Amino acid sequence: MRRLRALEPLAWVGPAVLLIALVVIWPVIEMVRSSFLEISRVGVVRGYNGFDNYDKLFAEKDFADIMARSVIWVVAVVALTVLISLALAQLFNQRFPGRKLARWALIAPWAASVLMTAIVFRWMLDPEVGVINQIRLKLGLIDALGGADADQLGVAATAMPWLVFVAVFVSVPFTTYALLAGLATIPSDVYEAAKMDGASRLRTYWSITLPLLRPALTVAALINVMNVFNSFPIIWAMTHGQPGYSTATSTIFMFILKSSDIGESAAMSVVNFGMVLVITAVFLKISRWNRAVA
Amino acid sequence: MNMKLVGGAALGLATMLVLSSCGSSTPETGGGDTAAGGGQVTLKMVAADYGDGPGKPNSGQKFWEGVVKEFEAANPTIKVDVQVINWNDIDKQVATMIQNGQVPDILQTGDYSGFVADQLLYKVDEVLSPEVSGDMLQKFADYGKVDGTAYGIPFVSSARALFYNKELFSKAGIAEPPKTWDELKAAAKKLKDSGVSQPFGLPLGQEEAQAESFLWMLGNGGGYKDAGGKWAINSPQNVETFTYLKGMVAEGLTTPNPGTKDRKTVWEDFGAGKVGMVNGGPMSIPIFDAAGLKDYGVAPIPGKAGPLDTTLGVMDWIMAFNKNGHAAEIKKFFDFFYTGTAAQKISDTYKLLPVTNGGIEKLSGDEKLKPFLDGLPNASFYPFQDPKWADLNPAIKQTIGGAVTEDPAKVLGDLQKTAEAS
């Protein structure tokens, strides 16, 4: 009877473990397995082919550029998102008239589908009729609609900043709310004590708010890192990774490969998965997430 | 307990069960040979969407539902389950189905050749009556063969020609559509001077870069392969072609950054009167109509020295998979499709060209379609029967646009390497 008792937790945890095994671990195993298979373009598995898929992937002439771009993409989007969200969270934590409305408004980009947001931005940037180009024309920044000057998504140098902008735009709401929740957990007596000691505002923020916000900040940044790394709809809807592969990240490349070689595409997925694990590990190491605030 | 009530309830329940079982069995008994013939057969069909997507009046789902309803009325023992998928996703989704063992019975899409090597398809004569296959345009039917055996059944076709905006042409003082590249450039300059932002619409972006490129290659006697059937993407003719285009792009005479523009966007721009000329097909007519453009002409595509005597022909295919062993039922469905009104209806609805002699005859009175119908018999096709084409095509779509902004020889050379890789 007692032994049976000891097994009781298993009954509670079991379903969750089973669920995780089914929806997380099994697909990962399947993904790794596919990356060692030769799969014809139409989906017929022709057997194992060792590391051929990986060899082919690493030999792609755009591979190195794409991986470097993916890292830059993640760092740029997450850094900007966190910085902007820190400021916004601070603002929304103050009492001011219309705060409720402002907080609701911030949810909008989050509530709208990412794909839809990306398509809307592509339309706004359309060289012939896009509203952003109409405004630029009125401001005298461009001479005419429809030409190369009005086509910012057509060249990597101007397309990339726009892609980053849209990615930040859709990531800020979640991040701000996560940080806002973090701010709410900081007890007010700490601030009172700081005031008594005559600490400046900047000093208070640096020595009290930020350290106490660290758990929320870490979680928010980490979720963003993984999200942005795997982000597909923004780039796909706005540029298809073109011109050439010059705005493609590894996730986009994986999707493009899927139409020519499923095995190679699976290899790209495994590399992608490994990258996320490495970036996450490095990030957690740097942020020392599990150490208590001193 | 009130036994009467329980009894009544039980009776009611029993009645319901009997009634419902009656209801479900009706269609099966209606078929007649239920016991002998193994009963109802359900054909799973996957088709591409030629319409404007789900919910639109011309959606593929609606079209096929209409066809299937008619077919099922005539063949009560056969049910057809149609799943319509848009062009961007259909190949990937079908590959996933096959990978998971959920192979459809019938597939209608842009290519059949990839399925042949894995022996997934029925031969055409197993699923199509001789009268029907005899009526197919011979040239088209030949493209359905791999090593002499036919697997793909031509479904619909299309051809390309040059569309030009007559109003913009007369405003710019151009008398007639250009026939040579020199005339084309001169016309583009005049259009530019009269304020047209995209004199020539040049979609070399992901959607269909392989088509636009091929049309230009043909204009200089080039192509993806040479006359001997060897890959010749970076042939001197092709390099010259893209060098010419690069010059056009540099002078601002085309769509800006062609390597990032899809044909749909450019066709919409043409419909909106922002583009002077563009290569298009019958399927672009509804887009122009929807945008309200009326005053446009259709002419042969200009080549380096004169108008093309050939054009790009694109064929879509229908094919039958052998995994579920439904050859007899599939044959009935195919014969129904080609001999009934359905094949005609698809041409009418989507402005696609027929693939049978009978169908072409019926359409020959249509003024707008005439230039394309005339081009069909002498059309050139992608080298899609070469298994390498499937690998190459995505690379072309992604990168060939670079040939008009960067070094043409290098971009085409890289594609040639992809084609020649084992």
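Conventions and cut-offs
Residues numbered from 1 in each chain as written. Chains lettered and ligands numbered in written order. Predicted model: local features only at pLDDT ≥ 70, side-chain atom pairs only at ≥ 80, totals over all residues. Helix = DSSP H or I, 4+ residues; strand = E, 2+ residues; numbered from the N terminus. Buried ≥ 20, exposed ≤ 12 C-beta atoms within 10 Å, placed from the backbone. Contact = placed C-beta atoms within 7 Å. Domains from an automatic or database assignment. Nonpolar A, V, L, I, M, F, W, Y, C, P; charged D, E, K, R; others polar. Pairing = 2+ DSSP bridges. Axes fitted to C-alpha atoms, helices over the stretch in contact; angles between N-to-C directions. Right-handed = clockwise from strand over helix to strand, strands pointing away. Core = buried A, V, L, I, M, F, W, Y, C linked by C-beta atoms within 7 Å. Parallel < 35°, antiparallel > 145°, perpendicular 65-115°, else oblique. Expected span 1.5 Å × (residues − 1). Arc of directions from axis to C-beta.

### Focus: the overall build of chain B
Then step 1. Helices and strands together make up the secondary structure of chain B, namely 20 helices and eleven strands.
Then step 2. Taken along the three principal axes of its C-alpha coordinates, chain B extends 95 × 45 × 45 Å.
Then step 3. A total of 422 residues make up chain B; the buried ones form 48% of that total.
Then step 4. Here the analysis covers contacts within chain B between residues at least 6 apart in sequence; of these, 72% occur between residues at least 24 apart.

### Considering the domain arrangement of chain B
All names here are of chain B.
Then step 1. Domain boundaries in chain B define domain 1 (40-158 + 314-378) and domain 2 (161-310 + 387-420).
Then step 2. Here domain 1 and domain 2 have C-alpha centroids that lie 29 Å from each other.
Then step 3. Contacts between domain 1 and domain 2 engage 13 residues on the former and eleven residues on the latter.
Then step 4. Here the side of domain 1 that touches domain 2 is built from residues that sort into seven nonpolar, four polar and two charged.

### Comments concerning the sheet that holds strand β8 (residues 198-201) of chain B
In any sheet, the strands associate via hydrogen bonds between backbone groups, in a parallel or an antiparallel arrangement.
Residues and elements named next belong to chain B.
Then step 1. Taking strand neighbours across the sheet as the criterion, the four strands line up as β8-β9-β7-β10 in an open arrangement whose pairing is mixed. Two strands bound the open sheet, and with one partner strand each, they are β8 and β10 (296-299). Along the sheet, successive strands turn relative to each other by an average axial angle of 15°, direction set aside.
Then step 2. Across four bridges, the pairing between strand β7 (residues 161-165) and β10 is antiparallel. Of the residues in β10, the one forming a bridge with Y164 is G297.

### Description of the interface of chain A and chain B
Then step 1. At the junction of the two partners, chain A supplies 31 residues and chain B supplies 30 residues.
Then step 2. For the side of chain A that touches chain B, the per-class residue count stands at 14 nonpolar, eleven polar and six charged.

### Brief notes about the pairing of strand β1 (residues 41-48) of chain B
Residues and elements named next belong to chain B.
Then step 1. β1 sits mainly inside the fold: six of its eight residues count as buried.
Then step 2. Judged from the eight bridges that link them, β1 and strand β2 (residues 78-85) form a sheet pairing that is parallel. Directly across from A48, in β2, lies its bridge partner I85.
Then step 3. On the question of chirality, the crossover connecting β1 to the parallel β2 by way of helix α3 (residues 60-74) is right-handed.
Then step 4. Across three bridges, β1 lies against strand β3 (residues 106-109) in parallel orientation. Within β3, the position partnered with M45 by the bridge is I106.

### Describing the nonpolar core
Side chains of a nonpolar character, in soluble globular proteins, are inclined to be buried together.
Then step 1. Core analysis: the biggest nonpolar cluster contains 173 residues, and F253 of chain A together with L121, M319 and F333 of chain B have the highest contact counts within it.
Then step 2. It is helix α7 (residues 156-184) of chain A that contributes the most residues to this core, twelve residues altogether.
Then step 3. Mapping this core onto the domain boundaries places at least three of its residues in each of domain 1 (40-158 + 314-378) and domain 2 (161-310 + 387-420) of chain B.
Then step 4. In this structure F333 of chain B touches L43, F71, V80 and I106 of chain B, once residues within four positions along its chain are discounted.

### Concerning the packing of helix α11 (residues 209-218) of chain B against helix α19 (residues 388-399) of chain B
Residue and element names in this part refer to chain B.
Then step 1. Where α11 contacts α19, the two axes come as close as 8 Å, and the packing angle between them is 85°. The orientation of α11 relative to α19 falls into the category roughly perpendicular. Here α11 contributes A209, Q210 and S213 to the contact with α19, which in turn contributes N393, I396 and K397.
Then step 2. Broken down by class, the residue content of the contact of α11 with α19 amounts to two nonpolar, three polar and one charged.

### Side note on helix α4 (residues 87-99) of chain B
All names here are of chain B.
Then step 1. A rise of 1.5 Å per residue sets the reference length of α4, with its 13 residues, at 18 Å; its end C-alpha atoms lie 19 Å apart and thus fit the reference within 8%.
Then step 2. Listed as buried for α4 are I90, D91, V94, A95 and I98. Down the axis of α4, the buried side of the element spans an arc of 120°, and every buried residue falls inside it.
Then step 3. Taken from the residues just after α4, G101 is the one with a positive phi, measuring 80°.

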